[in-house]
Each structure stands twice: as C-alpha cells, then as structure tokens.
Amino acid sequence: MHHQIVRRAGAERETLWVLLAAGVILASATLAVGLRAAPDAEAPLAAHLIDSRTGLTAAEQGLYADLKAAGEEIVALRTAAGRAPTPEELAAEALPPFAADPSAAARGGHTWTFAETGHEIAYAGVSAAPELAGSLVLRLDGHGADIWLKRAAEAPPAPPEDAALSAAGWKRIVSTFTAGVNR
Amino acid sequence: MTGPAILFDAVDLTLGRTVILDGVSLRVAAGTVHALVGPNGGGKSSLIRALLGQAPHRGTIRLDWPGDGPGTVAYVPQSVEFDRGLPLTVEDFLAVLCQRRPAFLGPDRRINYGAALDRVGMAGKARRRFGALSGGERQRVLLAQALIPAPDLIVLDEPMTALDEAGIAIFKTLLAELSAAGTTILWVEHDLAQVRRLATRVTGLNRRVLFDGHPMEMLSPERVFDLFSAVPRRAGAERIAS
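Residues numbered from 1 in each chain as written. Chains lettered and ligands numbered in written order. Predicted model: local features only at pLDDT ≥ 70, side-chain atom pairs only at ≥ 80, totals over all residues. Heavy atoms only, no water.

Participant: Hey, could you run me through the packing of helix 2 (residues 90–98) of chain B against helix 4 (residues 135–146) of chain B in this one?
Facilitator: Geometrically, a packed helix pair is captured by the angle between its two axes and the distance between the axes. All names here are of chain B. One way to put it is that helix 2 packs onto helix 4 with a least axis distance of 10 Å and a crossing angle of 40°. What the angle tells us is that helix 2 and helix 4 run oblique. Here helix 2 runs over helix 4; the crossing is right-handed. On helix 4, the residues that touch V90, F93, L94, L97 and C98 of helix 2 are V141, L142, A144 and Q145. Across the contact of helix 2 with helix 4, the residue classes break down as 8 nonpolar, 1 polar and no charged. (Axes fitted to C-alpha atoms, helices over the stretch in contact; angles between N-to-C directions. Helix = DSSP H or I, 4+ residues; strand = E, 2+ residues; numbered from the N terminus. Parallel < 35°, antiparallel > 145°, perpendicular 65-115°, else oblique. Left-handed = near helix turned anticlockwise from the far one by under 90°. Contact = heavy atoms within 4.5 Å. Nonpolar A, V, L, I, M, F, W, Y, C, P; charged D, E, K, R; others polar.)

Here you go:
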C-alpha cells in the first residue's frame, strides 16, 4: 500500500528554494569576501616621515605643492646659470613660495635662507607662525627634491643631513598611496 | 493493479474571501464508480482540482494505492478551451497530451492512438482537424486521451454534458469496462438519472458534504431538493449523516 498525500498548490516550496538559493549565494559571497580580503595596506609611517595628504595643514599643503614645483624650476635655473639661485633671486622672479606676497604672509610668512653643501643645495624657510605652517627645508640633489617639516620657528641643523634633521625632530614629507587615494 | 482509494479529510478551500469547500470529509473506495452531485458553484470541480493538486486547499487528501508506488491518474475536463482555427489534428492533440516526445516531432508510433480513438467511436478520424470537430466529438477525444496509458484512477468532470446519444452509449460501455478493470472512477455529474443507474456510490456536495451513500437510497426527491436549494440546511445534513 502506497500512501500519496496530495500537496496543496502554491509557491511555498518554490519560495523556500529561492530563499535557500539566496542564502547560499549570500553565504558564499561572505565567505569569498572574508577569505580574499586585501591585507591592511596602511602600514604606519616611520617616525621621521609625515604624510602629505593627512599630516599637513592647509597652508603646509599649499607650501609643499609650491616647493615641489619650485624645485623643478630651481634645477632648471641652476643648469642654465651654472649656480643655484638665491632665495632673493627667486623672490624677485615672484616664484612661490619665495615671493613675499600676501599669500606667503597668510601661509606663515617664512624667511628663506640658502645653503650649499657640495652638489646638494638646500633652502630653509623658518616660519613666523608655526601654528599656521611649520618650518620647511627643500633639499635638492641631482635626482629630486626632499622636503622636510618641523612645526617650530627654528632653523634646520647645518648641514641638513637626514640623520641630523631626524635627530632634531624634523619630518620628511612623503606621499603614501593607499586604497583611499582616488585621484 | 486496481485503482486507489481516496480519502478527503476536513478539506477546506477558500479563494479570496469566498469559501468554496468547508470541511469536506469523504472516502472514495477503491474500484468504485463514485459520483459527485450538487448545484453549480457547489465546489465539485474545485474538489477535483484539489485532488489533482491544483488548488490551495487545507486538510488532507490522500490516495491509497494498492501497489508500491502511485499509478496512472487520468482526467477528463468539462471542456477544452482552444483556438478553433489551430491547424491541429486529433492525433496531434492526443500527442500533446499523452506522449513525452515533443508533439511537433510527430505522434509517437509506439503509442496506439488509433485504438484509443476506436474505443470512443472515433476510429478513422485521427487526421481530422481538431477545431472542425463537433462538441460531442471533442468530448470523445477528451475521453480517448484519458485512456492513454490505461488509467488506475480516472477523474471525470461532467463528461456527458456535451455528448450525443451515441456518445452516451459509448461512455456507458467505457465506464463499465473501466469499472470491470478495477479502475477507481470519480465522476462529477449533473444527470441524476444516469448517476442512479451507473454509480455505485454518490455524494451530494454544496460547499460541504450533504449526503453520501448508495444512489438508490440517497437520491430521494427530498434530498435532491435540499441539495439544490439556495441555502443548504446544515442541520438536515447532520441528521442524514448520523
């Protein structure tokens, strides 16, 4: 004897299967995301580095961008004239941030000095208002520009070597690229 | 293999807010000709749809098959809706309903559609266009499709309504043959005289079961009037049931 129960017509079973399928998809997606998650790329910066995106004030970000552009200009002038231009000459050319204009005053009113050590040249700007923007050092060797920052109204050690700057509490500005960088 | 017994236990069916069936409990014995009678809208066709698993019923409907597994259930609908202009022959129509092979590949030669048509008196009309058949002939074709393969349970929804005199005679012969073969027959019918003559048991249904018993005893004028009256008397039904 075989007992056959006639089941009611309806979408209950189909609904159950659809829900089960949705559950399986969600579970497998969660599993895949969990297993394949990218490692946390934001390694903390070394003590002598500071991030240009997150670590600088607005004025410092402006000065940093200007100094990077000015670094290329200075390298070109040095190649053309055979010697490095002084801050006064750069100010005369109205090259920011060396030019003494209202913008420079609003961004800390830096006083720029110049030092040359062999092949390497350095421009040091001592801030008059460290709460707006710290003091800055632009170092140029043959290969590129290094920019250092210290939030104090003080001149960098001479000569401005890496070790000496770090020891004196200066921080090199670097750009880190993480998942948050979208431009 | 003889046919199954059917048990309806407290079957309710509500569509929207309309109560179609209300606590229908009914037992159809194996191998009997069980007639369902009742007024239009009484839930006869709905009970059949529930039995075929096509209605959202509540309660239990159970088929007790004598063998190890379910057998063949055949269904003859009251009528078939289709486009009369359809270029479909009688054989094509049977092929659509009866074979596993897609009908556009042609009728399956292993299935003898001719024999089934012969049993309903439609021999030689296999190539006729289905839309050109008369109502009685179409009803015979619907009977023929229920015979392929040989059914263990056959559910008939007012099969005699469209049949002519000759068709009715053929139907009676078929009913006798199927009954002799042990097939369980559940038969919805309006014609109470035929039910008295041919059925072994009859159930009066108007939303609920009003009577259930042997046709000769049950189809008395009083009960029939009660069955077809606008407001079925619940108390009377209970008196009869007890």
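Now, onward.
Participant: Just checking my understanding: could you explain the nonpolar core for this structure?
Facilitator: Burial of nonpolar side chains together is a common tendency in soluble globular proteins. Residue and element names in this part refer to chain B. Grouped together as the largest cluster of nonpolar side chains are 48 residues, with contacts concentrated most on L156 and W187. Looking at this core element by element, the count peaks at 6 residues for helix 5 (residues 165–180). Counting the residues that make up this core, at least three belong to each of domain 1 (1–72 + 153–242) and domain 2 (80–149). Residues I20, V24, L63 and V188 belong to the second largest nonpolar core, which totals 24 residues. (Core = buried A, V, L, I, M, F, W, Y, C linked by side-chain atoms within 4.5 Å. Buried < 20%, exposed > 50% of the residue type's maximum accessible area, 1.4 Å probe, protein only. Domains from an automatic or database assignment.)

Participant: In this structure, what is going on with the pairing of strand 8 (residues 201–206) of chain B? I would like to understand it.
Facilitator: Consecutive residues of a regular strand have side chains that alternate between opposite faces of the sheet. Residue and element names in this part refer to chain B. Most of strand 8 is tucked away: 5 of the 6 residues are buried. Relative to strand 9 (residues 208–213), strand 8 runs antiparallel, the two sharing 5 bridges. Within strand 9, the position partnered with L205 by the bridge is V209. Hairpin remark: strand 8 followed by strand 9, antiparallel, with 1 residue in the connecting loop; positive phi at R207, about 70°. (Pairing = 2+ DSSP bridges.)

Participant: Got a minute to help me understand the pattern of salt bridges in this structure?
Facilitator: Two side chains of opposite charge can pair, provided their charged atoms sit close to one another. Residues and elements named next belong to chain A. Following the criterion strictly, the structure yields 19 salt bridges over all chains and no others. A salt bridge links E12 to R8; the nearest nitrogen and oxygen atoms lie 3.5 Å apart. Exposure remark for E12: the relative accessible area of 47% places this residue in the partly exposed category. Among the residues examined, R8 registers a relative accessible area of 26% and is labelled partly exposed. (Salt bridge = Lys/Arg side-chain N within 4 Å of Asp/Glu carboxyl O.)

Participant: Which parts of the structure should I look at to understand the interface of chain A and chain B?
Facilitator: By a frequent convention, interface size equals the accessible area lost on bringing the separate parts together. On the side of chain B, 20 residues touch chain A, which itself brings 9 residues to the contact. Regarding the contact of chain A and chain B, the summed buried area is about 1200 Å², with carbon and sulfur atoms giving 53% of it. Broken down residue by residue, the surface that chain A buries against chain B is led by H2, V6 and R8 of chain A, which jointly contribute 49%. The tally of links from chain A across to chain B stands at 0 salt bridges. Scanning the region where chain A abuts chain B turns up 11 residue pairs in polar contact (both at pLDDT 80 or more). By residue class, the composition of the side of chain A that touches chain B is 4 nonpolar, 3 polar and 2 charged. (Buried area = accessible area lost by both parts, 1.4 Å probe. Polar contact = N/O pair within 3.5 Å; in protein donor to acceptor, adjacent residues only side chain to side chain.)

Participant: Explain the environment of R8 of chain A to me, please; I cannot follow it from the model alone.
Facilitator: As for its placement among the helices and strands, R8 of chain A is situated in the loop between strand 1 (2–5) and helix 1 (12–35). Among all residues touching R8 of chain A, those that are not within four sequence positions of it are R13 of chain A together with A55, P56, H57 and R58 of chain B. In this structure the side chain of R8 of chain A is engaged in a polar contact, spanning 3.5 Å, whose partner is the side chain of E12 of chain A.

Participant: Quick question: what am I supposed to make of unusual backbone geometry here?
Facilitator: What you tend to see is this: most non-glycine residues have negative phi, and most peptide bonds are trans. A cis amide bond links P96 of chain A with the next residue in sequence, P97 of chain A, at an omega value of 5°. You can see P97 of chain A is positioned in the loop between helix 3 (87–92) and helix 4 (102–106). A cis amide bond, omega -15°, links I148 of chain B with the succeeding residue P149 of chain B. Following the sequence through the fold, P149 of chain B ends up in the loop between helix 4 and strand 6 (153–157). Even without glycine at this site, A10 of chain B takes up a positive phi of about 50°. Locating A10 of chain B in the fold gives a position in strand 1 (residues 5–15).

Participant: Please explain the side chain of H57 of chain B as it appears in this structure.
Facilitator: The residue H57 of chain B is located in the loop between helix 1 (44–51) and strand 4 (58–65) in this model. What makes H57 of chain B buried here is its relative accessible area of 2%. Engagement of the side chain of H57 of chain B in a polar contact is seen with the backbone oxygen of V6 of chain A, the distance being 3.5 Å. Those residues in contact with H57 of chain B that lie beyond four places of it in its chain are V6, R7 and R8 of chain A together with V11, D12, L13 and A50 of chain B.

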